[in-house]
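# Observations on chain architecture
So you can see what is in the structure, the chains are spelled out below.
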Amino acid sequence: MIVCICHNVSDKAIRHAVDAGATSMQEIRAQLNVGNCCGKCAAFAKTLVRAQLEDRAANIVEVRRVAAAA
């Protein structure tokens with residue numbers, strides 16, 4: 001799904017940037033120009049960043065739990 005129409009940025013691109021190491025909306029904005037034009041996408045993009053960071057943290061906890069149980 002396209003999140004930023006002005007710069008043709010998808011939710012997949014935002015998730016990929018977070019998986020590659022971006023940890024804030026400011027970093028996403030710098031990398032992908034999301035929210036730099038009209039700004040209508042900024043709130044949703046921020047929600048995606050938070051959700052992806054939470055998913056990454058949950059996956060890390062799960063991997064550690066499984067490793068500890070082994």
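Rules of the game
- Residues numbered from 1 in each chain as written.
- Predicted model: local features only at pLDDT ≥ 70, side-chain atom pairs only at ≥ 80, totals over all residues.
- Heavy atoms only, no water.
- Buried < 20%, exposed > 50% of the residue type's maximum accessible area, 1.4 Å probe, protein only.
- Helix = DSSP H or I, 4+ residues; strand = E, 2+ residues; numbered from the N terminus.
- Arc of directions from axis to C-beta.
- Contact = heavy atoms within 4.5 Å.
- Salt bridge = Lys/Arg side-chain N within 4 Å of Asp/Glu carboxyl O.
- Core = buried A, V, L, I, M, F, W, Y, C linked by side-chain atoms within 4.5 Å.
- Axes fitted to C-alpha atoms, helices over the stretch in contact; angles between N-to-C directions.
- Parallel < 35°, antiparallel > 145°, perpendicular 65-115°, else oblique.
- Left-handed = near helix turned anticlockwise from the far one by under 90°.
- Nonpolar A, V, L, I, M, F, W, Y, C, P; charged D, E, K, R; others polar.

### Regarding helix α1 (residues 11–19)
What α1 keeps buried is the set Asp11, Ile14, Ala17 and Val18. Down the axis of α1, the smallest arc covering the buried residues is 125 degrees, so these residues share one side. Turned more than 90 degrees off the buried face of α1, the exposed positions are Lys12 and His16. Close packing links the buried residues of α1 with β1 (2–4), β2 (9–10), α2 (25–32) and α3 (42–69). Phi turns positive, to about 130 degrees, at Gly21, one or two residues after α1.

### With respect to the pattern of salt bridges
A complete count under the given rule lists two salt bridges for this structure. In this structure, Asp11 and Arg15 form a salt bridge, with 3.8 Å as the shortest nitrogen-oxygen distance. Highlighted residues: Asp11 and Arg15, both in helix α1, separated by four residues, approximately one helical turn. Exposure remark for Asp11: the relative accessible area of 16% places this residue in the buried category. A salt bridge links Arg65 to Glu62; its shortest N-O distance comes to 2.5 Å. Taken together, the residues Arg65 and Glu62, both in helix α3 and three residues apart, mark about one turn of the helix. Overall, the relative accessible area of 37% leaves Glu62 in the partly exposed class.

### A short note on the nonpolar core
By size, the foremost hydrophobic cluster in this structure holds 14 residues, and its most contacted members are Val3, Ile14, Met25, Ile28, Val34, Ala45 and Val49. Looking at this core, the elements that each hand over two or more residues are β1, α1, α2 and α3. Those residues in contact with Val3 that lie beyond four places of it in its chain are Val9, Ser10, Asp11, Ile14, Cys41, Phe44, Ala45 and Leu48.

### Some remarks on the packing of α1 against α3
Between α1 and α3, the shortest axis-to-axis distance is 9 Å and the interhelical angle comes to 45 degrees. Classified by the interaxial angle, the pair formed by α1 and α3 is oblique. In the crossing of α1 with α3, the sense of the turn from one axis to the other is right-handed. Where α1 approaches α3, its residues Asp11, Ile14, Arg15, Val18 and Asp19 are matched on the opposing element by Ala45, Leu48, Val49, Gln52, Leu53 and Arg56. Its residues placed into classes, the contact of α1 with α3 shows six nonpolar, one polar and four charged.

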